[in-house]
Amino acid sequence: MTFEEATGRLAARAARDPLLAPLARAARDRGWRVWLVGGFVRDLLLGRTRAGRDVDLVVGEPRREILAWLAERSGHAPVTFAKRVVDHRMTIAGRELDAVELDERPLIEELARRDFKANAVAFDLAAAALEDPLGGVADLAAGALDPPRDDAFADDPLRLLRGPRIAAEIPALALAPRARALAARDAALLAGAAPERVVAEIDRMLLAPRPSRAVAELDALGLAEVVLPEIAAARGVAQNRHHHLDVWGHTLAALAAADRPRLLGRGVVPPERLPEGERLATLRWALLLHDLGKPATRAVRPNGEASFFRHEVVGAEIAERIAKRLCFGRARAAALTTLVRLHLRLVVPAEGLLSRRALGRIAREAGDAAEPLALHALADQAASRGVGRRAVRAALRETCRRFLAVRDELAAARAAGPLVDGRAVMRALGVAEGPEVGAALREIEELRLAGRLKTADDALAYLAARRR
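Report on the accompanying structure.

A word on the overall build of the chain
Right, on to step 1. A tally of regular secondary structure across the chain gives 25 helices and 11 strands.
Right, on to step 2. Principal-axis analysis of the C-alpha atoms gives the chain an extent of 95 × 55 × 35 Å.
Right, on to step 3. Expressed as a percentage of its 468 residues, the buried residues of the chain come to 50%.
Right, on to step 4. Sequence separation of at least 24 residues holds for 69% of the intrachain contacts in the chain that already meet a minimum separation of 6.
Right, on to step 5. Roughly 21800 Å² of accessible area belongs to the chain as shown, and the carbon and sulfur atoms make up 53% of that amount.
Right, on to step 6. Each charge class in the chain was averaged separately, 74 positive and 63 negative side chains, and the resulting centres sit 7 Å apart.

Quick look at the structure:
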């Protein structure tokens, strides 16, 4: 794409945009200096049809007049920040707009403060002209993410994550060799970033088309261990004959297996039930953390085989601490620890498939995380290349199908209500209210899980036989 073609593309889009078109007209009519910058410009220059809705502006003179015009359309006073990464933030027609005041500095100085040259291309809305003093258009053509200065990551350590995140969301872009060297050099600075901002960037990576590539990039740059220092203990931990990779290598392979949930869950999880958004992010966080309990629980049996008894319990405790450290919300923390704690439950025992009662118990513990748990089990197994791999895979898929079917049956049964209530139990057993009634109700529910009791008459007949 030539410079003229890039300018034309931006001008055409700005003319159609319901937010930018009136701003551009006002800028032309009143002689305002205001530039469109950032990801919106980058995406349009890359020809992405779904350029982000959020807008970054650099506001020159008359700054107060331009900001007042924007605030009027927002309907609210802008949020103003003390630290100068962004000066003002406001919402206009559901779109977030960030504005930076130019003051007396030249535009190139402001652009040089940005994270990557690819995000530092400016479009003058009044003149409908592209300004690219740092060579961002050439970087975009080369598919390179390169910071404008050697200290760009020190200015805002979150940029260390932003590069791999952008590359994960836009496969046409990748960190330039210089950017990789600078990121590896400055990796330790990420420890000073706010946990909420770190998690927001990683969430976006985990929801990108190929999240495993982004995590592998973080790992190669030394960033993953800054966010999750627990990883260090998992490196080089040899497993047993059921695995061909060490613990951390297996973790990365399991995450890669979940890159395409639709393919992973084909024939097991219906497409309309595949986790999305928050549930998908939590599944991928769980895959990252699920085996962190193995280093502390590794033991060698007399036959020389490594074992990791109760590593899922220890792993759930580690996941809970990580969730607290990274300021996860209560719901996500609970779902995450549930997935880690249960990730071994959907197994294929040597004596055959799990019973219906066992599957019902797992479904009851998993709650709303049933589909993520099934996908977790499939990804975990896909990352292993041990003995009997094909037979185990087929059996596990059948187990997961039966698990979700049992979950659906239990959900329908819960919606219909219990087979019998406490009063019916007391009449049938000839007992007064007390612990025996509760025990009988739990027993009936267990038998219902096993498929042995299906109706109220079945339950009453069972109680009558029990009484005799």
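Overview of the environment of Leu447
Right, on to step 1. With respect to the secondary-structure elements, Leu447 resides in helix 24 (residues 435–449).
Right, on to step 2. Sequence spacing of Leu447 and Arg357 is 90 residues, and the spatial spacing of their C-alpha atoms is 7.7 Å.
Right, on to step 3. Look past the residues within four positions of Leu447 in its chain and what remains in contact with it is Arg357, Arg452, Leu453 and Tyr462.

Regarding the packing of aromatic side chains
Right, on to step 1. As enumerated under the stated definition, the model contains 3 aromatic pairs in all.
Right, on to step 2. Each ring, one from Phe116 and one from Phe153, has its centre 6.3 Å from the other, and the planes form 65°; the classification is edge-to-face. Of this pair, Phe116 sits in the loop between helix 5 (107–111) and strand 6 (122–124) while Phe153 is found in helix 7 (residues 152–155), placing the two residues 37 residues apart along the sequence. When sorted by exposure, Phe116 lands in the same class as Phe153, which is buried.
Right, on to step 3. The ring centre of Phe308 lies 4.9 Å from the NZ or CZ of Lys294, which sits over that ring.
Right, on to step 4. Across the ring face of Phe328, the terminal group of Arg332 is positioned such that the distance to the ring centre comes to 5.1 Å.

As for the side chain of Glu312
Right, on to step 1. Among the secondary structure elements, Glu312 is positioned in helix 18 (residues 311–325).
Right, on to step 2. The buried charged residue Glu312 lacks any salt bridge partner; its closest oppositely charged side chain belongs to Arg310, at an N-O distance of 6.1 Å.
Right, on to step 3. Glu312 has contacts with Val340, Arg341, His343 and Leu344, leaving out every residue within four places of it along the chain.

Observations concerning the environment of Thr2
Right, on to step 1. Note that Thr2 resides in the segment before helix 1 (3–16).
Right, on to step 2. Each C-alpha atom of the pair Thr2 and Ala138 lies 9.8 Å from the other, and the pair is 136 residues apart in sequence.

Concerning the pattern of salt bridges
Right, on to step 1. Counted according to the given criterion, the structure contains 46 salt bridges.
Right, on to step 2. Two residues, Arg325 and Glu230, come together in a salt bridge whose shortest N-O distance is 2.7 Å. Of this pair, Arg325 sits in helix 18 while Glu230 sits in the loop between helix 12 (224–227) and helix 13 (231–234); the two residues are 95 residues apart in sequence, bridging distant segments of the chain.
Right, on to step 3. By relative accessible area, Glu230 is classed as partly exposed at 22%.
Right, on to step 4. Note that Arg356 and Glu409 form a salt bridge whose closest N and O atoms lie 2.2 Å from each other. Pair noted here: Arg356 is in helix 20 (residues 356–366) and Glu409 is in helix 22 (residues 389–416), with a separation of 53 residues, a long-range link.
Right, on to step 5. For Arg356, a relative accessible area of 23% corresponds to the partly exposed category.
Right, on to step 6. We classify Glu409 as partly exposed; its relative accessible area is 41%.
Right, on to step 7. Members of the salt-bridge network, linked through shared partners, are Asp115, Asp156, Arg162, Arg165, Glu169, Arg197, Glu201 and Arg204.

Here we look at unusual backbone geometry
Right, on to step 1. Of note, the amide linkage connecting Glu61 to Pro62 takes the cis form, showing an omega dihedral of -5°.
Right, on to step 2. Here Pro62 shows up in the loop between strand 2 (55–59) and helix 4 (63–74).
Right, on to step 3. In the Ramachandran plot, Ala128 falls in the positive-phi region, its phi being about 50° despite a non-glycine side chain.
Right, on to step 4. As for its position among the elements, Ala128 is in the loop between strand 6 and strand 7 (129–131).

Some details on the sheet that holds strand 3 (residues 79–80)
Right, on to step 1. Spatially, 3-4-5-2-1-6-7 is the arrangement adopted by the 7 strands of the open sheet, whose pairing is mixed. Of all strands in the sheet, those bounded by a partner on one side alone are strand 3 and strand 7.
Right, on to step 2. Against the sheet, helix 4 engages strand 2, strand 4 (88–92) and strand 5 (95–101), with an angle of about 35° to strand 4.

Some details on helix 16 (residues 277–289)
Right, on to step 1. End to end, helix 16 covers 19 Å across 13 residues, agreeing with the expected 18 Å (1.5 Å per residue, within 8%).
Right, on to step 2. If you check which residues of helix 16 are buried, you get Leu280, Ala281, Thr282, Leu283, Arg284, Trp285, Ala286, Leu287, Leu288 and Leu289.

Some thoughts on the packing of helix 14 (residues 247–257) against helix 16
Right, on to step 1. Between helix 14 and helix 16, the shortest axis-to-axis distance is 8 Å and the interhelical angle comes to 160°. The angle between helix 14 and helix 16 falls in the class roughly antiparallel. Classified by chirality, the crossing of helix 16 by helix 14 is right-handed. Contact residues: helix 14 offers Trp248, Thr251, Ala254 and Leu255, while helix 16 offers Arg284, Leu287 and Leu288.
Right, on to step 2. Grouping the constituent residues of the contact of helix 14 with helix 16 by class yields 5 nonpolar, 1 polar and 1 charged.

Topic: the nonpolar core
Right, on to step 1. Residues Leu57, Leu70, Leu97, Leu125, Trp285 and Phe403 are the most contacted members of the largest nonpolar core, which totals 124 residues.
Right, on to step 2. Sequence-distant contacts of Leu70, that is, excluding residues within four places in its chain, are made with Leu23, Leu57, Met90, Ile92 and Leu97.
Right, on to step 3. In this structure, Val420, Val425, Ala428 and Ile444 belong to the second largest nonpolar core, which totals 13 residues.

Re the pairing of strand 5
Right, on to step 1. The buried fraction of strand 5 amounts to 6 of the 7 residues, a majority that puts the element mostly inside the structure.
Right, on to step 2. For strand 4 and strand 5, the ladder comprises 5 bridges, and the chain directions are antiparallel. Among the inter-strand pairings, Met90 is bridged to a residue of strand 5, identified as Leu97.
Right, on to step 3. Hairpin connection, strand 4 to strand 5: the antiparallel pair is bridged by 2 residues, and Ala93 has positive phi, about 50°.

Digging into a nonpolar patch on the surface
Right, on to step 1. A contiguous nonpolar patch, built from Val348, Leu353 and Val392 and spanning about 200 Å² of accessible area, is present on the exposed surface.
Right, on to step 2. Tracing the backbone shows Leu353 in the loop between helix 19 (330–342) and helix 20.
Right, on to step 3. On the basis of relative accessible area, Leu353 is assigned to the partly exposed category, the value being 41%.

Rules used throughout
- Residues numbered from 1 in each chain as written.
- Predicted model: local features only at pLDDT ≥ 70, side-chain atom pairs only at ≥ 80, totals over all residues.
- Heavy atoms only, no water.
- Helix = DSSP H or I, 4+ residues; strand = E, 2+ residues; numbered from the N terminus.
- Buried < 20%, exposed > 50% of the residue type's maximum accessible area, 1.4 Å probe, protein only.
- Contact = heavy atoms within 4.5 Å.
- Areas by Shrake-Rupley, 256 points an atom, 1.4 Å probe, with all protein chains shown as cover.
- Lys, Arg positive; Asp, Glu negative; His and termini not counted.
- Charge placed at Lys NZ, Arg CZ, Asp CG, Glu CD.
- Phe/Tyr/Trp six-rings, centres within 6.5 Å; stacked < 30°, edge-to-face > 60°.
- Lys NZ or Arg CZ within 6 Å of the ring centre and 35° of its normal.
- Salt bridge = Lys/Arg side-chain N within 4 Å of Asp/Glu carboxyl O.
- Pairing = 2+ DSSP bridges.
- Axes fitted to C-alpha atoms, helices over the stretch in contact; angles between N-to-C directions.
- Expected span 1.5 Å × (residues − 1).
- Parallel < 35°, antiparallel > 145°, perpendicular 65-115°, else oblique.
- Left-handed = near helix turned anticlockwise from the far one by under 90°.
- Nonpolar A, V, L, I, M, F, W, Y, C, P; charged D, E, K, R; others polar.
- Core = buried A, V, L, I, M, F, W, Y, C linked by side-chain atoms within 4.5 Å.
- Patch = residues over 30% accessible without salt bridge, like charges linked within 9 Å, V, L, I, M, F, W, Y side chains within 5 Å.

Coordinates in, geometry out; function isn't part of it.
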